[in-house]
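# Topology and contacts: notes
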Amino acid sequence: MLILDISKKWLESPYVFGGNGTKPGEEVDCSRLVQQIMKELGIKITRTTKTQHKEGKEININDMIPGDCIYFDYGKGIQHVGLYIGDKKMIHASSTKGKVVEEDIGPYNYIKTIRRFLPQTQFLLQPKYKSGEYILHTRAPLNYIDKSCKFLLGDYNGNKIIDLFCIKNGKNRTEIHILNGADNFQSFILQVETALYMFDNEFEFKIGNYENGKPDIYCIKKNKTESNATEIHILKGDDDYKSFLYSTTTILPETDDNWTFDIGEYNNNGKFNIYCIHKYNTISKFIEIKILDGSKDYYSFVEPENIKTCLHENKNNMEFLLRDYNKDDKLDLYCINKNGENNSTKINILSGASYFKEFIIKEINLDKTDDNYEFCAGVYGGYECLFEIKRNIMLEIHISVI
């Protein structure tokens, strides 16, 4: 989505000091406005001008482009921020006007710093991409790998650009190879042997932050466990995955290929929960979801304990991803069917706010994929995108707008 489209939706929203609105029309102050606009673009920044002005990348005033944030000091320290939209204009929540307005920046001598939070901002200035349109095809410097290799997206080095994590079997242990998102995945940030022994289909891998620092890797062991239950083992990001941060047995019995997993916050308790997606052989004959409660060491389910979705069960070539697609602070479910009609890949997105009983998007059709593909989802160039990772002689990455 274009930066101008997002920011102009907030025009005329009321200004209130400390306002914490989450959507256009609700009360905001200047730093909350910028924080919410960045959030819709997939960028996390802090809440106040006091901390925001130290984040991102500092930009010279002559290099300023739309999407950059301008922080002002009117003699009492940094107390105001506006979003630059080009032609010496900005959108900001004005205390004097009492609302969000578009107006001239004003005298440059009040500008204290300009910060750029958005990676590859040039994408935000191009004509808007249509849903289903590809915006990148590239090969990565990783030789052919077998189907046991898994892929995740995460910001490893804290530059607010997502990198590609490739998890594969090495000679003795599981290895992690991280491709650099800042150069379109053409170089490695990290290549390391981890604390985890070699794996097979008994493991699924997800990325998150169990504690502050670099992204941690959640290793979800579905079966072949000593406890006869599904287990969670977390590789520590701050140790470059050479040790385990946490391990536990869950309340869920051992699971098989009819189950898949993802992680995310559900009840805003600051802990990652485990979404257990039962995709086939369910009692209801629909895809069902149970959510393991991270605040209770994954030994109980959050309520409701069993969620019946609106999609019929499906065993073959289905992948599932969790993302807050519509930015309502509820995780939505991406359902990706590689065997769609007319040799296409079919994507449905179910609303987390409706407990996955309603569609946000129904039947986006992409090019045909098969077992050589794995999917990730994340923000690229300011757009919510689907990453098709193809195992080939060289790893291929195809990114399309959702």
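Conventions used here
- Residues numbered from 1 in each chain as written.
- Predicted model: local features only at pLDDT ≥ 70, side-chain atom pairs only at ≥ 80, totals over all residues.
- Heavy atoms only, no water.
- Helix = DSSP H or I, 4+ residues; strand = E, 2+ residues; numbered from the N terminus.
- Buried < 20%, exposed > 50% of the residue type's maximum accessible area, 1.4 Å probe, protein only.
- Phe/Tyr/Trp six-rings, centres within 6.5 Å; stacked < 30°, edge-to-face > 60°.
- Lys NZ or Arg CZ within 6 Å of the ring centre and 35° of its normal.
- Pairing = 2+ DSSP bridges.
- Axes fitted to C-alpha atoms, helices over the stretch in contact; angles between N-to-C directions.
- Contact = heavy atoms within 4.5 Å.
- Salt bridge = Lys/Arg side-chain N within 4 Å of Asp/Glu carboxyl O.
- Polar contact = N/O pair within 3.5 Å; in protein donor to acceptor, adjacent residues only side chain to side chain.
- Core = buried A, V, L, I, M, F, W, Y, C linked by side-chain atoms within 4.5 Å.

## Some points on unusual backbone geometry
- Following Glu303, the chain continues into Pro304 via a peptide bond in cis, with omega recorded as -5°.
- With respect to the helices, strands and loops of the structure, Pro304 is situated in the loop between β18 (286-292) and β19 (307-312).
- Residues other than glycine seldom take positive phi values, yet Lys285 does so here, at roughly 70°.
- Checked against the element boundaries, Lys285 lands in the loop between β17 (273-278) and β18.
- The class of Lys285 is partly exposed, set by a relative accessible area of 46%.
- Phi angles above zero are rare outside glycine, and Tyr298 is one such case at about 60°.
- By the element assignment, Tyr298 lies in the loop between β18 and β19.
- By relative accessible area, which is 1% here, Tyr298 ends up buried.

## Quick word on the packing of aromatic side chains
- Per the stated rule, a full pass over the model turns up 12 aromatic pairs.
- Measuring from ring centre to ring centre gives 6.1 Å for Tyr197 and Phe203, while their planes differ by 70°; the resulting arrangement is edge-to-face.
- Residue class for Tyr197 comes out partly exposed when judged on its relative accessible area of 38%.
- Centroid distance Tyr380 to Phe387: 6.3 Å. Interplanar angle 90°. Geometry classified as edge-to-face. A single burial state applies to Tyr380 and to Phe387, both of which are buried.
- Of the aromatic side chains, those joined through ring pairs into one cluster are Tyr197, Phe199, Phe203 and Phe205.
- One Lys or Arg, Lys271, reaches over the ring of Tyr210 and ends 5.1 Å from the middle of that ring.
- One cation-aromatic arrangement involves Lys290 over Phe301; the distance from NZ or CZ to the ring centre is 5.2 Å.

## Considering the sheet that holds β19
- Across the sheet, which stays open at both edges, the four strands sit in the order β16-β17-β18-β19 with antiparallel pairing between neighbours. Only two strands of the sheet have a single partner each, and these edge strands are β16 (259-264) and β19. On average, each strand axis in the sheet is inclined to that of its neighbour by 25°, with strand direction left out of account.
- Bridge analysis of β17 against β18 gives five bridges, and the strand direction is antiparallel. Paired with Ile277 across the two strands is Ile289, which belongs to β18.

## Considerations on helix α2 (residues 30-40)
- Within α2, nine of the 11 residues are buried, which leaves the element mostly enclosed by the surrounding structure.
- Burial in α2 covers these residues: Cys30, Ser31, Arg32, Leu33, Val34, Gln35, Gln36, Ile37 and Met38.
- Just downstream of α2 lies Gly42, where phi reads positive at about 85°.

## Focus on the side chain of Ser351
- Residue placement: Ser351 occurs in the loop between β22 (345-350) and β23 (359-366).
- By relative accessible area, Ser351 is classed as buried at 9%.
- Contacts of Ser351, omitting those with residues within four sequence positions, involve Asp332, Phe356, Lys357, Glu358 and Ile360.

## Looking at the pattern of salt bridges
- As enumerated under the stated definition, the model contains 15 salt bridges in all.
- Note that Arg116 is salt-bridged to Asp68, the shortest N-O span being 2.8 Å. Remark: Asp68 occurs in the loop between β1 (57-58) and β2 (69-73) and Arg116 occurs in strand β6 (residues 111-116); sequence separation between them is 48 residues.
- For Arg116, a relative accessible area of 21% puts it in the partly exposed group.
- Among the salt bridges present, the one from Lys214 reaches Asp240, with a minimum N-O distance of 3.9 Å.

## Description of the sheet that holds strand β7 (residues 134-143)
- Here we have four strands laid out as an open sheet, ordered β7-β26-β25-β24, and antiparallel in their pairing. Of all the strands in the sheet, the pair left with one neighbour each is β7 and β24 (373-380). Adjacent strand axes in the sheet meet at a mean angle of 25°, parallel and antiparallel pairs treated alike.
- Inspection of the sheet shows β24 paired to strand β25 (residues 383-390) by eight bridges, in the antiparallel sense. Counted as the bridge partner of Tyr373 is Lys390 from β25.

## A word on the environment of Tyr84
- As for its placement among the helices and strands, Tyr84 is situated in strand β3 (residues 78-86).
- Along the sequence, Tyr84 and Glu103 sit 19 residues apart, while their C-alpha atoms lie 10.0 Å from each other.
- In this structure, Tyr84 is in contact with Met64, Ile65, Pro66, Gly67, Asp68, Ile70, Lys89, Met90 and Ile105, ignoring residues within four places of it in sequence.
- Here the side chain of Tyr84 touches Lys88 through a polar contact of 3.3 Å, landing on its backbone nitrogen.

## Description of the nonpolar core
- Grouped together as the largest cluster of nonpolar side chains are 23 residues, with contacts concentrated most on Leu33, Ile37, Met38 and Cys69.
- Mapped by element, the contributors of at least two residues to this core are α1 (3-8), α2, β2, β3 and β4 (89-94).
- Tallying contributions element by element places α2 first for this core, with five residues.
- Within the second largest apolar cluster, 22 residues are counted, among which are Ala140, Leu164, Tyr380 and Tyr383.

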